[in-house]
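An overview of the molecular structure
This is what each chain is made of:
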Amino acid sequence: MVRVEALDSEGRLVPTAGNTVTFNVTGAGKLIGVGNGDPNCLESDKGPRRSLFNGLAQAIVQSTKSPAKFKSR
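What this report covers is the structure whose coordinates are included nearby. Computed from a prediction, not measured in an experiment: that's the story for all the values here.

**Side note on the pattern of salt bridges**
Overall, the coordinates contain 4 salt bridges when judged by the stated rule. The salt bridge involving Glu5 is made with Arg3; its shortest N-O contact spans 2.8 Å. Since its relative accessible area comes to 38%, Glu5 is described here as partly exposed. Asp45 is the salt-bridge partner of Arg50, the closest N and O atoms lying 3.1 Å from each other. Since its relative accessible area comes to 46%, Asp45 is described here as partly exposed. Within the structure, one salt-bridge network assembled from shared partners comprises Glu43, Asp45 and Arg50.

About the cut-offs
- Residues numbered from 1 in each chain as written.
- Predicted model: local features only at pLDDT ≥ 70, side-chain atom pairs only at ≥ 80, totals over all residues.
- Heavy atoms only, no water.
- Salt bridge = Lys/Arg side-chain N within 4 Å of Asp/Glu carboxyl O.
- Buried < 20%, exposed > 50% of the residue type's maximum accessible area, 1.4 Å probe, protein only.

Structure, rendered in structure tokens:
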């Protein structure tokens, strides 16, 4: 699980942020799902993009069988 938080320049959570984030995984992992906790959100749970809800979103990344590192951006 990868947690995404919208932070201001002081490092504080911005609970009103609704920006759209795009997930990109490289290496020995793959993106298998996204979410934001909003029960009314109609965005795909499988796509690489998700809007923030209350300043938060998450990605679910699965490692492959290869022993290697992966990077999420």
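On we go.
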